[in-house]
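Architecture at a glance
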Amino acid sequence: MSDPIIILGIDPGLRMTGFGVVEKSGDKIRYLGSGVIKTVSAKVDARDSLPERIQIILEGLFEVIDQYKPKQVAIEKVFVNVNPQSTLLLGQARGAAISAAVIKKLPVYEYTALQVKKSVVGSGHAKKEQVQEMVKRFLKLPEVPQADSADALACAMCHANAYNQLQSMDALSYRMKKGRLV
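An account of the accompanying structure is given in this report. (Residues numbered from 1 in each chain as written. Predicted model: local features only at pLDDT ≥ 70, side-chain atom pairs only at ≥ 80, totals over all residues. Heavy atoms only, no water.)

With respect to the overall build of the protein chain
When helices and strands are tallied, the protein chain shows five helices and seven strands. Secondary structure elements of the protein chain, listed N to C terminal, follow the sequence β-β-β-α-β-α-β-α-α-α-β-β. Residue pairs at least 24 apart in sequence account for 58% of intrachain contacts in the protein chain once pairs closer than 6 positions are excluded. (Helix = DSSP H or I, 4+ residues; strand = E, 2+ residues; numbered from the N terminus. Contact = heavy atoms within 4.5 Å.)

Brief notes about helix H1 (residues 50-68)
Its 19 residues give H1 an end-to-end C-alpha distance of 27 Å, which sits within 8% of 27 Å, the value for a rise of 1.5 Å per residue. Of the residues making up H1, those classed as buried are Arg53, Ile54, Ile57, Gly60, Leu61, Val64, Ile65 and Tyr68. Projected onto a plane normal to the axis of H1, the buried residues spread over an arc of 135° and lie on a single side. Facing away from the buried side of H1 by more than 90 degrees, the exposed set consists of Pro51, Glu63 and Gln67. Buried-residue contacts for H1 involve strand S1 (5-11), strand S2 (16-25), strand S3 (28-38) and helix H2 (84-103). Note on H1: the residue one or two positions beyond its end, Lys69, has a positive phi of about 50°. (Expected span 1.5 Å × (residues − 1). Buried < 20%, exposed > 50% of the residue type's maximum accessible area, 1.4 Å probe, protein only. Arc of directions from axis to C-beta.)

Re the side chain of Ser149
One can find Ser149 in helix H5 (residues 147-171). According to the relative accessible area criterion, Ser149 is buried, its value standing at 6%. Ignoring any residue separated from it by four or fewer positions in sequence, one finds Ser149 in contact with Gly18, Phe19, Ser34, Gly35 and Val36.

Observations regarding the pattern of salt bridges
Within this structure, the stated rule accounts for five salt bridges. Across the pair Arg94 and Glu110 runs a salt bridge, and its minimum N-O distance is 2.3 Å. On the criterion of sequence distance, the pair formed by Arg94 in helix H2 and Glu110 in strand S5 (residues 108-111) is long-range, its members being 16 residues apart. As far as the burial class goes, Arg94 and Glu110 line up, both buried. Lys128 is the partner of Asp151 in a salt bridge, and the nearest nitrogen-oxygen pair spans 2.4 Å. (Salt bridge = Lys/Arg side-chain N within 4 Å of Asp/Glu carboxyl O.)

Brief notes about the pairing of S3
Here 10 bridges tie S2 to S3, and the two strands are oriented antiparallel to one another. For Val21, the partnering residue across the bridge sits in S3 and is Gly33. A loop of two residues connects S2 with S3, the two strands running antiparallel in sequence, and Gly26 in this loop sits at a positive phi of about 65°. (Pairing = 2+ DSSP bridges.)

Written out as structure tokens, the structure is:
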């Protein structure tokens, strides 16, 4: 049986960045915590500057990392949106989330939305509500988590499911470098 590992999943967003923390021990995945980091509040509104919002994401993730002490981070890859401006903004929020992890010296693993949905629901084209319901069931939560939290938990669960495969590939002389197989 392998040592337990704490995984932080992140669903990046410029308005709300979801986070979810799970512990993987053997074949079991246990819920530790989840929530959202909101960049729109009484202090900061949608018209405020991008740097202030990025700072909120960084500081919020630093708090999450300090509280839960994860050993690995799983983050959703950005998909190309119809609106290029939205894609760029999402990419900047994602960059802030990755920066928070690497500043804290944590390895980052990236998964597409298709990979996350397939891992958790069994279908890469599942709807958000299906992801939320499966996260609730797998983690035995009392209620369906908010969408951004559920996506982050699903990302962490996806990595937890892939973790054993990554370890066995490493044993077969594949190497991981910066979260990628080489």
